[in-house]
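Observations on the model geometry
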Amino acid sequence: MEQNITQRTIEIIKKYDFVFQKKFGQNFLIDQRVLDKIIAAADIGPDDCVLEIGPGIGTLTRCLAEAAGQVIAVEIDKNLIPILGDVLSEYHNITVINEDILKVDIQALVDEKNGGRPIKVVANLPYYITTPIIMGLFESNVPIDNITVMVQKEVADRMQVGPGTKDYGALSLAVQYYAEPYIVANVPQNCFIPRPNVGSAVIRLTRHKEKPVTVKNEQHMFRLVRAAFNQRRKTLQNALHNMAELNLSKEQVVNALKEMGLSETIRGEKLTLEDFARLSDLLSE
Ligand code: SAM
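A short tour of the structure in this document, coming up.

Quick notes on the rules
Residues numbered from 1 in each chain as written. Predicted model: local features only at pLDDT ≥ 70, side-chain atom pairs only at ≥ 80, totals over all residues. Heavy atoms only, no water. Helix = DSSP H or I, 4+ residues; strand = E, 2+ residues; numbered from the N terminus. Buried < 20%, exposed > 50% of the residue type's maximum accessible area, 1.4 Å probe, protein only. Contact = heavy atoms within 4.5 Å. Areas by Shrake-Rupley, 256 points an atom, 1.4 Å probe, with all protein chains shown as cover. 1 Å grid on protein atoms, 1.4 Å probe; cavity = no way out; pocket = protein on both sides within 12 Å on 5 of 7 lines; lining within 4 Å. Points joined across faces, edges and corners; volume = space filled by probe spheres on them. Nonpolar A, V, L, I, M, F, W, Y, C, P; charged D, E, K, R; others polar. Pairing = 2+ DSSP bridges. Right-handed = clockwise from strand over helix to strand, strands pointing away. Near = heavy atom within 4 Å. Polar contact = N/O pair within 3.5 Å; in protein donor to acceptor, adjacent residues only side chain to side chain. Sits in = over half its atoms within 2 Å of the grid points. Axes fitted to C-alpha atoms, helices over the stretch in contact; angles between N-to-C directions. Salt bridge = Lys/Arg side-chain N within 4 Å of Asp/Glu carboxyl O.

Some points on the overall build of the protein
The secondary structure content of the protein amounts to 12 helices and 9 strands. Its C-alpha atoms put the protein at 70 × 40 × 30 Å along the principal axes. When each of the 285 residues of the protein is scored for burial, the buried share is 53%. Partitioning the intrachain contacts of the protein with sequence separation of at least 6 by distance along the chain shows that 66% fall at a separation of at least 24. As displayed, the protein offers around 13900 Å² of accessible surface, 47% of which is attributable to carbon and sulfur atoms.

Here's what the structure looks like:
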């Protein structure tokens, strides 16, 4: 029988005298069922090229290498690179890159390793940079089929919810503009070494083939979204007017809201993605 992952993790940590770095969000997965769920949810087959962010000591990487055609694993911690070299030595379809994922030219990697065809992204993410990683992947327009990642439970909830709930905000709208979110599993703290202070969840973001709304100026729409949720207790007309860079009078906002059949005292948290797209088109004219 295969060695238990917890024992294996503890052995590797001891053998290499590995010291966990809190600043890199290092919480290693030690639960086989969770690993299986991630691989199944990402829907990985032998034709797939997978980008893994933060392989750690390679636990998820090994599962990925067995299911996928090839795996590119980007790890920031230089102390993990020799360990990965050792523990993954039997696999010939893994490339480990010692880099900060936020600085890697992912498009160049996709071109080089997968001939520009869409990749799948899988990770137990370092939670301190979840949003920049996900938004960077979407906004860069790198060809991606789906992103299946472990994130903080609250963040998974925020990505998935719709208008009128307390978790709804700029992240919900940004994620849902690019992808269809689906929470695959909630994952308790005891599935990691060391235990994180927060609950976790695996979420799959399936990239839309076509955007769910059309908007003339995407950036303008997201400026409105950020302004609306920066001051989420304020009415939308006040929140947008208060954001100097938008240069909008209250009257302009009220007129646009009227044209959309919405109350002039409405708050941003009630607006759908379609509403923000329409409002942006009206206000950028
Ligand atoms: N995949 C491993 C697992 O599931 O056991 C480790 C996951 S751990 C939550 C996050 C990993 O991301 C760590 O190995 C950490 O060193 C790495 N990491 C943190 N910041 C990073 C960055 N900016 N770029 C690449 N890797 C990073």
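Some points on the layout of surface pockets
Taken as a whole, the largest pocket holds about 310 Å³ of empty space. Lys-22, Gly-25, Asn-27, Pro-196 and Asn-197 are the residues nearest the centre of the largest pocket, which is lined by 14 residues in total. A class-by-class count of the residues in the lining of the largest pocket yields 6 nonpolar, 6 polar and 2 charged.

Concerning the pairing of strand S6 (residues 144-152)
Here S6 lies mainly inside the structure; 7 of its 9 residues are buried. Here 6 bridges tie strand S5 (residues 119-124) to S6, and the two strands are oriented parallel to one another. Opposite Asn-124, over in S6, you have Met-150 as the bridge partner. With helix H6 (residues 130-139) bridging S5 and its parallel neighbour S6, the resulting β-α-β unit is right-handed.

Focus: empty space enclosed by the protein
Here the structure, examined in full by the defined rule, presents 2 cavities of 30 Å³ or more. Gly-54, Pro-55, Gly-56, Glu-75 and Asn-124 are the residues nearest the centre of the largest cavity, which is lined by 27 residues in total. Put simply, the parts of the chain that give the lining of the largest cavity at least two residues each are strand S1 (28-29), strand S2 (49-53), helix H3 (59-67) and strand S3 (70-75). Estimates place the volume of the second largest cavity at around 40 Å³.

Points about the site of the ligand
Of all residues adjacent to the ligand, which total 23 residues, the nearest are Leu-29, Gly-54, Glu-75, Asp-100 and Tyr-128. Leu-29 is positioned such that a nitrogen or oxygen atom in its backbone is 2.9 Å from an oxygen atom of the ligand. Within the contact set of the ligand, a nitrogen atom lies 2.9 Å away from a backbone nitrogen or oxygen of Ile-101. Cavity membership is defined here by more than half of the atoms lying within 2 Å of grid points; on that basis the ligand lies in the largest cavity. Of all the elements in the fold, those that place two or more residues in the shell around the ligand are S1 and S3. By residue class, the composition of the shell around the ligand is 12 nonpolar, 6 polar and 5 charged.

Overview of the sheet that holds S5
With mixed pairing, 7 strands are arranged side by side in an open sheet as S4-S3-S2-S5-S6-S9-S7. Edge positions in the open sheet fall to strand S4 (94-98) and strand S7 (179-187), since each of these has one partner strand only. Neighbour to neighbour, the strand axes of the sheet diverge by 20° on average, direction disregarded. Pairing of S3 with S4, which is carried by 5 bridges, proceeds in the parallel orientation. Within the sheet, the bridge partner assigned to Val-71 lies in S4 and is Ile-94. Sitting on the sheet, helix H5 (residues 106-114) is in contact with S2, S3, S4 and S5, with an inclination near 155° to S3.

Considerations on the pattern of salt bridges
Inspection of the entire model under this criterion finds 9 salt bridges. Across the pair Arg-233 and Glu-269 runs a salt bridge, and its minimum N-O distance is 3.8 Å. You can see Arg-233 sitting in the loop between helix H9 (218-230) and helix H10 (236-242) and its partner Glu-269 sitting in the loop between helix H11 (250-259) and helix H12 (273-283), a full 36 residues away along the chain. With relative accessibility at 58%, the residue Arg-233 sits in the exposed group. Judged by its relative accessible area of 14%, Glu-269 falls in the buried class. Taken together, the salt bridges that share partners define one network made up of Arg-232, Arg-233 and Glu-269.

Regarding unusual backbone geometry
The linkage connecting Ile-193 with the following residue, Pro-194, adopts the cis geometry, with an omega of -15°. Backbone geometry at Asn-141 places phi at a positive 60°, although glycine is not the residue there. Looking at where Asn-141 falls in the secondary structure, it is placed in the loop between H6 and S6. Taking the relative accessible area as the measure of exposure, Asn-141 reaches 51% and is therefore exposed.

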